[in-house]
Protein chains: 2
Amino acid sequence: MKVRRSNRLVDMTRYLMEHPRTLVSLKFFGERYGSAKSSISEDLSIIRRTLHTWGVGRLETLPGASGGARLTLLYSEENAARVIDDLVKAVDDDSRLLPGGYVYLSDLLGRPDVLREVGRLIATQYVDDDVDVVMTVETKGIPIAQSVAMYLNKPFVIVRNSSHITEGSTVSVNYVSGSSQRIKKMELSRRTLKEGANVIVVDDFMKGGGTLNGMKSLIEEFGAHLVGMTVFAEGQFSGQRLVDGCTSLIKVQAVDDTTNKKITAQPGSYMEAVFGNKKEK
Amino acid sequence: MKVRRSNRLVDMTRYLMEHPRTLVSLKFFGERYGSAKSSISEDLSIIRRTLHTWGVGRLETLPGASGGARLTLLYSEENAARVIDDLVKAVDDDSRLLPGGYVYLSDLLGRPDVLREVGRLIATQYVDDDVDVVMTVETKGIPIAQSVAMYLNKPFVIVRNSSHITEGSTVSVNYVSGSSQRIKKMELSRRTLKEGANVIVVDDFMKGGGTLNGMKSLIEEFGAHLVGMTVFAEGQFSGQRLVDGCTSLIKVQAVDDTTNKKITAQPGSYMEAVFGNKKEK
């Protein structure tokens, strides 16, 4: 079977998108379409230029006999800024206020379109780092971790708050919850994280940073290495946070007293952290 | 700006894949590429035929002034059977045995490639049903629910085992855990599920079916409607299950006694449930 260029371009784009961050060989595409490697190379050039034009991704091509192509979906600075603005608008809504100054986000973090955006933003941040695994703590960080993992094509691991019988042997640490000042315990199944692994930590919300600090301890306990931390939203916190250097997509101020019930959202540290020191990706 | 067909095909395929199950208008594409609607229609025909040829998805096109295209990624019967076989091979591994006849699956359900396959299989099952929301219970069902939600482009909701302060008012039900015969409690934030919503339930593992039965009660409590239930793996269970009609991708037999430590995996009820009564999709 010989496949025409127009059909090849559609199927190659689809295939590369379903196998992000994976080197797909010219040989594989050549056999799939019954085409010469030179034709496949031209196809890949078209795909690369198209992705670049729209600021949606990067196609790296390796020439030669063992050559191939690797797709990374990410945001240009312009697209990232637009997405952050949309997220700020979605959160800036007084009806999201919950008792105690908490913010209701479950609807947003259960929407596939929002999770794609959040995952892609965070993946864009770490795309040039060496990352082996994405870590989060149950429950609400899981969808974010999964979406980042999809874009980076790396596994994610879920730290758990209590002992579950189906996990086998675990490593646990105690940590101080920054907001409530209570001692809690978190644990991770021993076989899910390897010594020396490069880890990024993601979560939905940061107040005092206690949970993030707990995960940092757990990473040390496993002999692994922390590459960076990013949260969807950073709340206000009076006092010294337990971690520093954590990136946030948005910042939220929640006021809940007898006279005022108000939520104010604004962009977090993301744009400065990711695009502050480099040219547009 | 006028964009050439080859670039249009790449960008349209990408755009449709990033907006699955969403009607994208001819007008939108026409303006994006500075092209006549007739050219866009021809592009969409090429994409539709290519997806069909490879058995990877369906492109529905609506003609006319308000027309457009809607992409659904799914598996043909042949591709589904191949993926199920791969999953069976991945689980059929004695080192996955945990004490008490449980099976270690966290590595597989933390891998983006596996989650894509699992999500796409389950989405293929329900693609012609009216589904408003995907439901699961924390913790290990969450990645599956999210992946199904991505392919169906519907939100997912997470039922929780205990009260969390950040959720606002909740509805809870008691349920009997089928395997341990204990009474437990699960709850869902009141504002996450609407009356009359059509719900599919997914989870990682079913033994006695008690957890699934709990979610069924919760759906009734919300005045919503259960469309179907699908689990990644079905374990062996001696006795009457608390739910019937649940589809499983694979079946697992775990033997853990003094003389034997063995796991045996085989295909579940999926292929019969999805392709048993119909021609290839």
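Preceding this section is the structure that the text describes.
Residues numbered from 1 in each chain as written. Chains lettered and ligands numbered in written order. Predicted model: local features only at pLDDT ≥ 70, side-chain atom pairs only at ≥ 80, totals over all residues. Heavy atoms only, no water.

J.: Is there a simple way to explain the pairing of strand S13 (residues 261–267) of chain A in this structure?
T.: A regular strand carries its side chains on alternate faces of the sheet. Residue and element names in this part refer to chain A. Pairing of strand S12 (residues 246–256) with S13, which is carried by seven bridges, proceeds in the antiparallel orientation. Each residue of the ladder has a partner; that of Ala 254, found in S13, is Ile 263. Where S12 hands over to S13, the hairpin turn is made up of four residues, counted between the paired strands. (Pairing = 2+ DSSP bridges. Helix = DSSP H or I, 4+ residues; strand = E, 2+ residues; numbered from the N terminus.)

J.: Sorry if this is basic, but what is going on with the interface of chain A and chain B here?
T.: Quite often, the size of an interface is put as the accessible area lost when its parts meet. With 55 residues of chain A at the interface, the matching set in chain B holds 54 residues. At the boundary of chain A with chain B, total buried surface from both sides reaches about 5000 Å², with 63% on carbon and sulfur atoms. Across the chain A-chain B interface, the total number found is two salt bridges. With its nearest N and O atoms 2.7 Å apart, the salt bridge here joins Glu 18 of chain B to Arg 120 of chain A. Those elements that place two or more of their residues in the side of chain A that touches chain B are helix H1 (5–18), helix H2 (26–33), helix H3 (37–54), strand S4 (97–98), helix H5 (112–126), helix H6 (142–152) and strand S7 (156–159) of chain A. (Contact = heavy atoms within 4.5 Å. Buried area = accessible area lost by both parts, 1.4 Å probe. Salt bridge = Lys/Arg side-chain N within 4 Å of Asp/Glu carboxyl O.)

J.: What is the right way to look at unusual backbone geometry in this model?
T.: Residue and element names in this part refer to chain A. Omega for the bond connecting Glu 138 with Thr 139 falls within 30 degrees of zero, at 5°, which places this linkage in the cis form. Examined against the element boundaries, Thr 139 turns out to sit in the loop between strand S6 (133–137) and H6. Look at Arg 21: it is not a glycine, yet its phi comes out positive at around 60°. Relative to the helices and strands, Arg 21 is located in the loop between H1 and strand S1 (24–25).

J.: How should I be thinking about the sheet that holds strand S3 (residues 68–73) of chain B in this particular structure?
T.: Each strand in a sheet pairs with another by means of backbone hydrogen bonds, the pair being arranged parallel or else antiparallel. All names here are of chain B. An order of S1-S3-S2 is seen for the three strands of this open sheet, with the pairing classed as antiparallel. With partners counted over all chains shown, the strands left at the sheet margins are strand S1 (24–25) and strand S2 (57–62), one partner each. Two elements, S1 and S3, share two bridges in a ladder whose sense is antiparallel. By the bridge assignment, Val 24 is partnered in S3 with Ala 69.

J.: How should I be thinking about the nonpolar core in this particular structure?
T.: Nonpolar side chains in soluble globular proteins tend to be buried together. Among the nonpolar cores identified, the biggest contains 134 residues, and Phe 232 and Leu 249 of chain A together with Phe 232 and Leu 249 of chain B are the most heavily contacted of them. Apart from the residues lying within four places of it in its own chain, the contact partners of Leu 249 of chain B are Ile 84, Leu 87, Val 118, Leu 121, Ile 122, Thr 230, Val 231, Phe 232, Pro 267, Gly 268 and Tyr 270 of chain B. (Core = buried A, V, L, I, M, F, W, Y, C linked by side-chain atoms within 4.5 Å. Buried < 20%, exposed > 50% of the residue type's maximum accessible area, 1.4 Å probe, protein only.)

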